[in-house]
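What follows is the residue order along each chain.
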Amino acid sequence: RDTEERQAWALLNGAFTTTKSYDNLSIINTAHPLAGGGTYANSPASAQAFGFTSLQASLERSMLMTNERGLRIRQVPDTIVVPVQLSWLAEEILGASSKPFTSDNTPNVLASNRVGLKIVTSPYLTSATAWFVLTKNHKLMFFWRKRPYMDNDFDKKAQTAAFMNFFRFGTGAFGWRGVDGSTG
């Protein structure tokens, strides 16, 4: 199970560097080229720590995403992925009915009951500061080629036991749309 988790989360662990999209850029990048000309950023120009305003900016980038011709496409953010170290802050930001870290009673527009965001905390993320916003239409994939199969054998004469576990799976990033984030 640990192998499955590490390989699946490697897609986000390498999202800023080694996990490539069809445009041969990292899946989170500030300069994804568009076929109709221009570029699109699914990351802030400079790294931003996870917080209320940086999360708001990420949600806006996701909701204003365009297709290759520059036309708006419907990308609704639904998941925030954070490492364990940021899970408490994520709960404070999305769980409070009032805007966190202010003395007035301004309504919290990011409260999870208002925008429908869920928090996923992963101990497999290797950065303590990187965070991600995913939409329902993201193209990060984990697929089974052969589900885990376990078998065993016992040789009575030699008094030995043999155990076998076999599985095959694949992972991949088939597109960059639907993923946004920052290194923190």
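The shown structure was predicted, so the numbers you read here are calculated from the model rather than taken from an experiment.

Cut-off values and rules
- Residues numbered from 1 in each chain as written.
- Predicted model: local features only at pLDDT ≥ 70, side-chain atom pairs only at ≥ 80, totals over all residues.
- Heavy atoms only, no water.
- Pairing = 2+ DSSP bridges.
- Helix = DSSP H or I, 4+ residues; strand = E, 2+ residues; numbered from the N terminus.
- Axes fitted to C-alpha atoms, helices over the stretch in contact; angles between N-to-C directions.
- Contact = heavy atoms within 4.5 Å.
- 1 Å grid on protein atoms, 1.4 Å probe; cavity = no way out; pocket = protein on both sides within 12 Å on 5 of 7 lines; lining within 4 Å.
- Points joined across faces, edges and corners; volume = space filled by probe spheres on them.
- Nonpolar A, V, L, I, M, F, W, Y, C, P; charged D, E, K, R; others polar.
- Buried < 20%, exposed > 50% of the residue type's maximum accessible area, 1.4 Å probe, protein only.
- Arc of directions from axis to C-beta.

Engineer: Describe the sheet that holds strand 3 (residues 77-83), and please don't skip the residues or the numbers.
Structural biologist: Strand pairs in the sheet, formed through backbone hydrogen bonds, run parallel or antiparallel to each other. Taken in spatial order, the 4 strands make up an open sheet running 4-3-5-8, and their pairing is mixed. Bordering the open sheet on either side are strand 4 (118-122) and strand 8 (179-182), each of which pairs with just one other strand. Mean inter-strand twist for the sheet, computed between neighbouring axes without regard to direction, equals 20°. Taken strand by strand, helix 2 (residues 52-63) contacts strand 3, strand 5 (131-135) and strand 8, and its axis lies near 30° from that of strand 5.

Engineer: Quick rundown of the layout of surface pockets? Include the residues and the values.
Structural biologist: Looking at the largest pocket, its volume works out to about 290 Å³. As for the largest pocket, its lining consists of 16 residues, and the residues nearest its centre are Ala8, Trp9, Leu11, Leu140 and Phe142. Among the secondary structure elements, those contributing two or more residues to the lining of the largest pocket are helix 1 (2-13), strand 3 and strand 6 (140-155). With 6 residues, helix 1 is the largest single contributor of residues to the lining of the largest pocket. Taken together, the residues that form the lining of the largest pocket break down as 11 nonpolar, 2 polar and 3 charged.

Engineer: Go over the environment of Leu64 with me, naming the residues and quoting the values.
Structural biologist: With respect to the helices and strands, the residue Leu64 is situated in the loop between helix 2 and strand 3. Judged by relative accessible area, Leu64 falls into the partly exposed class, the value being 43%. Taking C-alpha positions, Leu64 is 20 Å from Phe50, a pair spaced 14 residues apart along the chain.

Engineer: Can you lay out helix 3 (residues 87-95) for me, pointing to particular residues and giving the numbers?
Structural biologist: Taken residue by residue, helix 3 has Ser87, Ala90, Ile93 and Leu94 as its buried positions. Seen along its axis, helix 3 keeps its buried residues to an arc of 125°; they face one direction. Facing away from the buried side of helix 3 by more than 90 degrees, the exposed set consists of Trp88 and Gly95.

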